[in-house]
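Residue-level structure breakdown
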Amino acid sequence: MSKKEFMGQVFISFFVVVTCINLGMAFMGMIYAPDTRFGYEALLFPVFYGFLGILPSAVLYSRKELTVKQMLLRKIIQLILIEAIMVGIVFFLGGTDFNTLLPFMVMVLAVCLAAEGILWLAADKKVKKLNAQLKRFQDREPAADTSRG
């Protein structure tokens, strides 16, 4: 994968992750702090978390095609790095209570899985479309003459 393709994928991932973070923060807030209200500056937090959340995507970059095992290992490393960054933020902000930290870690995992699922569905749709186009192209092309020796 070229750097340009990789950066395009990271760019799309950022917006998917920010959307998932918004949903996760909304649900966590409704459950754990339903009476809390924020100002407009709170709208910047998902963008900040999204930016920090895509930084570990760098472990996925490779100039050559990765095997399934290699990609899976890199995805696991990416998840561990994302969890470490997000938990580090919570500790930095003073939220060291396990009753707060555990649901937050579960939310981070859910956001990661949701983002991966959405990105996989988009990639799967693109692959199916490309395969259908390739099939139509192959069907239109005349069969090669194999009788010559």
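About the criteria used
- Per-chain numbering applies: the sequence of each chain, read as written, is numbered from 1 onward.
- Only residues with pLDDT of at least 70 get local features here, since the model is predicted, and only at 80 or more are side-chain atom pairs given and counted; chain-wide, interface and lining totals rely on the full set of residues.
- Excluding hydrogens and water, the side-chain values take into account all heavy atoms of the structure.
- For the purposes of this entry, the term helix denotes a DSSP run of H or I that reaches at least four residues, the term strand denotes a run of E that reaches at least two, and both are numbered from the N terminus.
- Note that the radius of gyration is over C-alpha atoms, with the globule rule given as 2.2 Å times the number of residues to the power 0.38.
- Three labels apply to residues, based on accessible area from a 1.4 Å probe with only protein chains included: buried if under 20% of the type maximum, exposed if over 50%, partly exposed otherwise in between.
- Contact between two residues is taken to exist if any of their heavy atoms lie within 4.5 Å; hydrogens are not considered.
- In short, Shrake-Rupley with a 1.4 Å probe defines the accessible areas, and a residue's cover is counted only from the protein chains shown.
- When charges are counted, neither His nor the chain ends are considered; positive counts come from Lys and Arg and negative counts from Asp and Glu.
- Note on charges: their place is set at NZ of Lys, CZ of Arg, CG of Asp or CD of Glu.
- Nonpolar cores are built from buried Ala, Val, Leu, Ile, Met, Phe, Trp, Tyr and Cys residues. Side-chain atoms within 4.5 Å join them into one set.
- Angles here are taken between N-to-C directions and fall from 0 to 180 degrees, while the axes themselves are lines fitted to C-alpha atoms, restricted in helices to the stretch in contact.
- Any angle from 65 to 115 degrees is called roughly perpendicular, while one under 35 is roughly parallel, one over 145 is roughly antiparallel, and all others are oblique.
- Here is the rule for handedness: rotate from the far helix to the near one, and if that takes an anticlockwise turn smaller than a right angle the crossing is left-handed, while a clockwise turn gives right-handed.
- The salt bridge criterion pairs a side-chain nitrogen of Lys or Arg with a carboxyl oxygen of Asp or Glu, the two atoms within 4 Å.
- UniProt positions are given in the numbering used here, feature names are shortened, and annotations may be inferred rather than shown by experiment.

Concerning the overall build of the protein
If you tally the helices and strands in the protein, you get four helices and zero strands. Computed over its C-alpha atoms, the radius of gyration of the protein comes to 21 Å, more than 25% above the 15 Å expected for a compact globule of 149 residues. Along the first, second and third principal axes, the C-alpha atoms of the protein reach 80 × 30 × 25 Å. The proportion of buried residues among the 149 residues of the protein is 26%. Partitioning the contacts of the protein with sequence separation of at least 6, the portion at a separation of at least 24 is 71%. For the protein, the accessible area works out to roughly 11400 Å², and carbon and sulfur atoms hold 70% of it. Computed over 16 positive and 11 negative side-chain charges, the separation of the two mean positions in the protein equals 9 Å.

With respect to the nonpolar core
Counting 25 residues, the largest nonpolar core has M86, F104 and V108 as the members making the most contacts within it. Listing elements by their share of this core, those giving two or more residues are α1 (3-32), α2 (45-54), α3 (68-92) and α4 (98-140). When residues in this core are grouped by element, the largest group, nine residues, is from α1. Not counting residues up to four positions away in its chain, the partners in contact with V108 are I82, E83 and M86.

Re the side chain of Q78
Tracing the backbone shows Q78 in helix α3. Excluding anything up to four places from it in sequence, Q78 contacts P56, S57, V59, L60 and E116.

Brief notes about the packing of α1 against α2
At their nearest, the axes of α1 and α2 sit 8 Å apart, and the two run at 130° to each other. On the basis of the axis angle, α1 is oblique to α2. Two packed elements cross with a definite hand, and for α1 against α2 that hand is right-handed. Between α1 and α2, the residues in contact are V10, S13, F14, V17, V18, I21, N22 and M25 and F45, P46, V47, Y49, G50, F51 and I54, respectively.

Some remarks on the pattern of salt bridges
In this structure the tally under the stated criterion is three salt bridges. Put simply, E116 and K75 hold a salt bridge, and the shortest N to O gap is 2.9 Å. With E116 in helix α4 and K75 in helix α3, this residue pair connects regions lying 41 residues apart in the sequence. Here D139 ties to K135 by a salt bridge, and the two come within 3.4 Å at their closest N and O atoms. One end of the pair is D139 and the other is K135, both in helix α4 and four residues apart, which spans about a single turn. Judged by its relative accessible area of 49%, K135 falls in the partly exposed class.

Here we look at the UniProt feature "transmembrane region" (unreviewed entry) in the protein
Residues annotated by UniProt as "transmembrane region" (unreviewed entry) correspond here to residues 12-32, 38-60, 72-95 and 101-123. Regarding residues 12-32, the helix share stands at 100% and the strand share at 0%, and the terminal C-alpha atoms are separated by 30 Å. Between the C-alpha atoms that bound residues 38-60 there is a distance of 35 Å. The span itself is 43% helix and 0% strand.

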